[in-house]
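Here are the chains, one letter per residue:
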Amino acid sequence: MYSDPPGVLDAFERWQREPVDHPVLSVVVPAYNERDRIVPTIGAIAAHVCDGRPWELLVSDDGSSDDTVDRVHRLGLANVRVLSAEANTGKGDAVRRGMLAARGDRVLFADADQSTPIEELDRLMAALDEGFDVAVGSRAADGATEANRSAARRLVSATSRALIRRAMRLDLSDTQCGFKLFTRAAAQRLFAAQTIEGFSFDLEVLYLAARLGMEVAEVPVEWIDAPGSKVDTSREVVRFLRDLRVIRRNDAQGVYAHA
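How each quantity is defined
- Residues numbered from 1 in each chain as written.
- Predicted model: local features only at pLDDT ≥ 70, side-chain atom pairs only at ≥ 80, totals over all residues.
- Heavy atoms only, no water.
- Phe/Tyr/Trp six-rings, centres within 6.5 Å; stacked < 30°, edge-to-face > 60°.
- Helix = DSSP H or I, 4+ residues; strand = E, 2+ residues; numbered from the N terminus.
- Core = buried A, V, L, I, M, F, W, Y, C linked by side-chain atoms within 4.5 Å.
- Buried < 20%, exposed > 50% of the residue type's maximum accessible area, 1.4 Å probe, protein only.
- Contact = heavy atoms within 4.5 Å.

Let us now look at the packing of aromatic side chains. Inspection of every chain in the model, using the stated rule, returns five aromatic pairs. With centroids separated by 6.1 Å and ring planes inclined at 35°, the aromatic side chains of phenylalanine 12 and tryptophan 15 adopt a geometry described as tilted. Here the residue phenylalanine 12 and the residue tryptophan 15 both occupy positions in helix α1 (residues 8-17), the gap between them amounting to three residues, near one helical turn. Pairwise contacts between aromatic rings join Phe12, Trp15 and Trp55 into one cluster.

Okay, the nonpolar core next. Counting residues in hydrophobic clusters, the biggest one holds 36 residues, and the most contacted among them are Trp55, Leu57, Leu108, Leu121 and Leu181. When sequence neighbours within four positions are dropped, the list of residues in contact with leucine 57 reads Trp15, Val27, Ile42, Ile45, Asn79, Val80 and Arg81. Grouped together as the second largest cluster of nonpolar side chains are 34 residues, Met168, Leu170, Phe182 and Ile247 included.

Among the 11 residues of helix α8 (residues 201-211), nine are classified as buried, and the element is accordingly described as predominantly covered. Those residues of α8 not exposed but buried are Phe201, Asp202, Leu203, Glu204, Val205, Leu206, Tyr207, Leu208 and Ala209. Glycine 213 lies just past α8 and shows a positive phi near 75°.

Residue placement: aspartate 93 occurs in helix α4 (residues 91-101). Exposure remark for aspartate 93: the relative accessible area of 10% places this residue in the buried category. Non-local contacts of aspartate 93, meaning those with residues more than four positions away in its chain, are made with Gln194 and Glu197.

Here's what the structure looks like:
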């Protein structure tokens with residue numbers, strides 16, 4: 001019969017009832033109409049991260065029209081905060097609100113579908129231990145694994161990566177994986193300067209990190225294409241191309257000058 005490792009259950013029970021004053025880690029989960037996934041996602045994250053370290057979880061809702069927010073509130077967890085929005089403004093806005101509200105020394109954002117399992121956090125933490133400011137979960141770096149990804153999404157990703165390398169001169173194989181870890185200082189500086197509210201916000205944030213001379217590690221992760229994705233591939237390609245132009249124009253016009 002399975003039993004929890006010694007101390008894990010005690011750590012979870014303390015975490016669920018005793019508010020943390022100074023979290024060493026904040027986990028930000030952007031959510032839009034995630035009523036079916038949000039509770040299992042919180043459970044999976046807590047099961048891995050509750051190891052005695054003080055940490056918090058922020059669900060940054062993007063104006064859900066279902067009962068996502070109510071389901072989180074009903075859990076009654078002392079160290080889970082919900083950031084509500086009156087309207088659906090975009091994933092980038094939800095992530096930005098969460099990252100700027102986070103109190104941890106390190107701040108992770110992870111997609112609600114858990115396409116990248118929370119266990120991959122350990123690899124990203126190791127990169128920050130080495131002195132990096134940002135650790136980017138990557139589906140394209142050597143050692144990464146992908147499962148269940150459609151041929152269409154693979155083609156779009158490959159094309160996007162080629163455009164990024166050519167137009168943005170970013171030495172990264174994958175900018176769009178929804179699993180990234182930042183030092184608090186890096187998160188506060190980058191997300192305060194972010195302007196893009198849609199799915200291409202990652203590209204802008206990483207462009208700014210390179211522009212500011214931050215040390216960015218690309219870390220291979222496991223990635224599983226979760227069912228029920230809300231991403232419309234054809235629409236996002238158009239938006240991605242538009243946002244590439246927006247970032248370049250912002251830079252040329254001095255929008256990032258005070259980042």
